[in-house]
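Coordinate inspection notes
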Amino acid sequence: MRRWNGWGEESIEVKLPHTAIRYLNDYLGSVHPEPDCSLDDVISLIPPSRLPPHPLISCDSEDRLRHSRGQSLPDWIALRSGKIDIFPDGVAYPKNEEEIKDLFTYSRQNAICLIPYGGGTSVVGHINPNQLDIPSVALDLSRLNNFHDLDKTSQIAKFGAGIRGPDLEQRLHREGYTLGHFPQSFEYSTLGGWVATRSCGQQSHYYGRIEDMFAGGQLISPAGTIKLLPFPASAAGPDLRQIILGSEGRFGVLTEVIVRVKPLPEVEEFYGVFFHDWESGYKAVKEIAQSDIPVSMLRLSDPEETQVTLALSDDGKMVPLGKQVLKFLGYSQGYCLLIYAITARKKHAGNIRAAVSSILRKNRGLGSGKFIGNKWRHTRFSTPYLRNSIWEYGLALDTLETAVSWNQIRSLCQAVKGSIRNALSNQNEKVLVFSHLSHVYNYGASVYFTYLFRRSSDPGLTLHHWYIIKSAASQSILDYGGTISHQHGVGLDHIPYLSQEKGQLGMQTLENLSKTFDPDGILNPGVLIPDANKFRDER
Ligand SMILES: Cc1cc2nc3c(=O)[nH]c(=O)nc-3n(C[C@H](O)[C@H](O)[C@H](O)COP(=O)(O)OP(=O)(O)OC[C@H]3O[C@@H](n4cnc5c(N)ncnc54)[C@H](O)[C@@H]3O)c2cc1C
């Protein structure tokens, strides 16, 4: 069974290695974790549902709790402390278009809002009910998980939008194909959720972001239905797919999604390389990206993340030995780890290997073969389980991310890390922060920051600390020319920063689109668009 207040299946536990505990303790100081609220205690706090009965809606308390929050740090604090202000009043599991339309009518007639819910893995508050005075229903799309068809000639496939990553890949693998979209939340996130948040998978350098894969499909909105045909390309005016991508459940419910797929690769290799310093790694990664060498992933950790990665992967023998070897070879301090992947046809792989190796050598990269790369690959979807043990150990962990052009990367990284590191100095608390370049493009790269700090015995104070850090980091991101999100989306948490990026006319355009698709404002109010967060005045 899936955890109700953390990440992943209850039966799976990924322990923090002792080396990592020592590292965190040395940096952040000792911890005194408070116990979490139990499931029964939280259920006892849920207020009665305000909904008039409907045959498609469950008002079961546990169901409502399990759809009340996503996976952001504020969500974890709320779930683990039991301080969840607002619950959905019910949960619906529609299995077809007619049932969704029926729920639209019910919502309109009863002034209830609907929150499209994919896998609930949002880390920015996308699926949290946030309007105290408006009853809400979580529209769980997990039953829209059909495989419709695969057209091998055109290399496109159609699925129900509620299908989860593993089910989608399993279905395509059977036919010798893959979508190749692997966000770290792969285990639970859904195809519809990926499109609605403009998600980016780990091997996007080869497979593309979800917007490159999204060929068409069907969106049911309160104002009507849009069917998008999977043209290979079109000059017939603006591309409506671009409006639906990133619409975060505000413009309608994606019921079917048509995606561009690829044959399974003949070669898939993951490698680890060490650089003397971040600057050498940065130069290598940038040159590979700008030489159009078709690697599938380039992930360059800064020195702090490199140390944490090594501490976390310590199995007692290999890592200390590896560190000794690195020291012997002159890699004493500040060295950085690059993990890269080659995904290709056999006949191309040799040339790609050679082209990458030549750039790595030029920048004095030390190849460690496939050992570290394979280890990373095999644990990439279990790493999020560490969040459970880190929390239980007594620490709060969160991530944030951006993308910026190459000429701003150095200054942005420094500024954002500085603002996170120093954010709690007035409270005499330290924050450990580290980062990696996670997706690279010809023109720039995304930067992914992870930070940890000690939890307080008062959940309100932990939330306040998160807020101070998040505000400081977000403002630095914008000040240094980054987007407020490269892959996580806007949700509730990034709304305060969106208008600085989109401008007044841009925000007005989004608001107008929402009015067109959803004249009564029943879909996911409060998310993405700040001033559309109440039932419309004209109701
Ligand atoms: C551990 C972890 C790792 C992550 N790693 C990545 C990563 O590598 N890359 C990345 O891009 N993101 C990542 N994320 C963020 C998250 O997984 C993505 O935003 C994902 O796309 C959300 O999909 P979901 O199905 O869980 O959607 P939900 O969280 O359920 O919903 C997200 C938004 O999409 C809307 N929505 C969902 N389905 C539909 C639909 N069918 N029609 C209309 N609207 C819909 C919802 O209303 C909501 O606004 C990670 C999250 C976690 C917790």
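Residues numbered from 1 in each chain as written. Predicted model: local features only at pLDDT ≥ 70, side-chain atom pairs only at ≥ 80, totals over all residues. Heavy atoms only, no water.

1. Digging into the nonpolar core
Nonpolar side chains tend to gather and get buried jointly when the protein is soluble and globular. Judged by nonpolar contacts, the single largest core of 53 residues is most densely connected at Tyr340 and Ile420. Residue-level mapping places this core at the junction of two domains, with at least three residues from each of domain 1 (1–30 + 382–490) and domain 4 (267–380). Contact partners of Tyr340, with chain neighbours within four places excluded, come to Glu269, Phe270, Tyr271, Val273, Val295, Met297, Leu298, Val356 and Leu360. Judged by nonpolar contacts, the second largest core, of 39 residues, contains Leu191, Val261, Ile484 and Ile495. (Core = buried A, V, L, I, M, F, W, Y, C linked by side-chain atoms within 4.5 Å. Buried < 20%, exposed > 50% of the residue type's maximum accessible area, 1.4 Å probe, protein only. Domains from an automatic or database assignment. Contact = heavy atoms within 4.5 Å.)

2. Quick notes on the packing of helix α11 (residues 278–290) against helix α14 (residues 346–362)
At a minimum axis separation of 9 Å, α11 and α14 run at an interaxial angle of 150 degrees. Compared by their axis directions, α11 and α14 come out roughly antiparallel. At the point where α11 passes α14, the crossing takes the right-handed sense. Only Val356, Ile359, Leu360 and Lys362 of α14 make contact with α11, whose side of the interface consists of Ala284, Glu287 and Ile288. Residues that form the contact of α11 with α14 fall into these classes: five nonpolar, no polar and two charged. (Axes fitted to C-alpha atoms, helices over the stretch in contact; angles between N-to-C directions. Helix = DSSP H or I, 4+ residues; strand = E, 2+ residues; numbered from the N terminus. Parallel < 35°, antiparallel > 145°, perpendicular 65-115°, else oblique. Left-handed = near helix turned anticlockwise from the far one by under 90°. Nonpolar A, V, L, I, M, F, W, Y, C, P; charged D, E, K, R; others polar.)

3. Looking at the domain arrangement of the protein chain
Under the domain assignment used here, the protein chain contains domain 1 (1–30 + 382–490), domain 2 (37–72 + 84–140), domain 3 (147–263), domain 4 (267–380) and domain 5 (495–532). Centre-to-centre separation of domain 2 and domain 5, based on C-alpha positions: 22 Å. Between domain 2 and domain 5, the contact holds twelve residues from the first and seven residues from the second. When the two sides are added together, the surface that domain 2 and domain 5 hide from each other amounts to roughly 800 Å², 65% of it contributed by carbon and sulfur. Residue Arg108 pairs with Asp520 through a salt bridge whose shortest N-O separation is 4.0 Å. Of all the secondary structure elements, the ones that give two or more residues to the side of domain 2 that touches domain 5 are α5 (97–110) and β3 (113–117). Take the side of domain 2 that touches domain 5: its biggest share by element is four residues, from β3. (Buried area = accessible area lost by both parts, 1.4 Å probe. Salt bridge = Lys/Arg side-chain N within 4 Å of Asp/Glu carboxyl O.)

4. Some details on the confidence of the model for the protein chain
The share of residues in the protein chain with pLDDT of 70 or more is 98%, and the mean pLDDT across the chain is 95. Low pLDDT (under 50) marks residues 535–539, which in the prediction has 19 contacts with non-local residues, meaning those over four places away or in another chain. (pLDDT = per-residue confidence, 0-100.)

5. Things to note about the sheet that holds strand β15 (residues 366–367)
The seven strands are arranged β15-β12-β14-β13-β17-β18-β16 in an open sheet whose pairing can be described as antiparallel. The sheet terminates laterally at β15 and β16 (395–405), the two strands that pair on one side only. Alignment of β16 against strand β18 (residues 444–454), held across eleven bridges, turns out to be antiparallel. Across the sheet, the residue bridging to Glu401 is Tyr448, located in β18. Its contacts with the sheet place helix α16 (residues 386–393) against β16 and β18, and it is angled at close to 130 degrees to β16. (Pairing = 2+ DSSP bridges.)

6. Comments concerning the state of the cysteines
Inspection of every chain in the model, using the stated rule, returns zero disulfides. Its sulfur unpaired, Cys200 is 17 Å from the next cysteine sulfur, which belongs to Cys413. On the basis of relative accessibility, which here comes to 5%, the residue Cys200 falls in the buried class. (Disulfide = S-S within 2.5 Å.)

7. A word on the site of the ligand
By nearness alone, 36 residues border the ligand, and Pro116, Gly118, Thr121, Ser185 and Thr190 come closest of all. Backbone polar atom of Gln184 to an oxygen atom of the ligand: 2.9 Å apart, as the coordinates give it. Across the complex, the protein chains shield 97% of the 980 Å² of accessible surface that the ligand would expose by itself. Among the secondary structure elements, those contributing two or more residues to the shell around the ligand are β3, α7 (191–197) and β10 (253–260). Examining the composition of the shell around the ligand, we find that five residues originate from one element, α7, more than from any other. Grouping the amino acids of the shell around the ligand by side-chain chemistry returns 14 nonpolar, 20 polar and two charged. (Near = heavy atom within 4 Å. Polar contact = N/O pair within 3.5 Å; in protein donor to acceptor, adjacent residues only side chain to side chain. Areas by Shrake-Rupley, 256 points an atom, 1.4 Å probe, with all protein chains shown as cover.)

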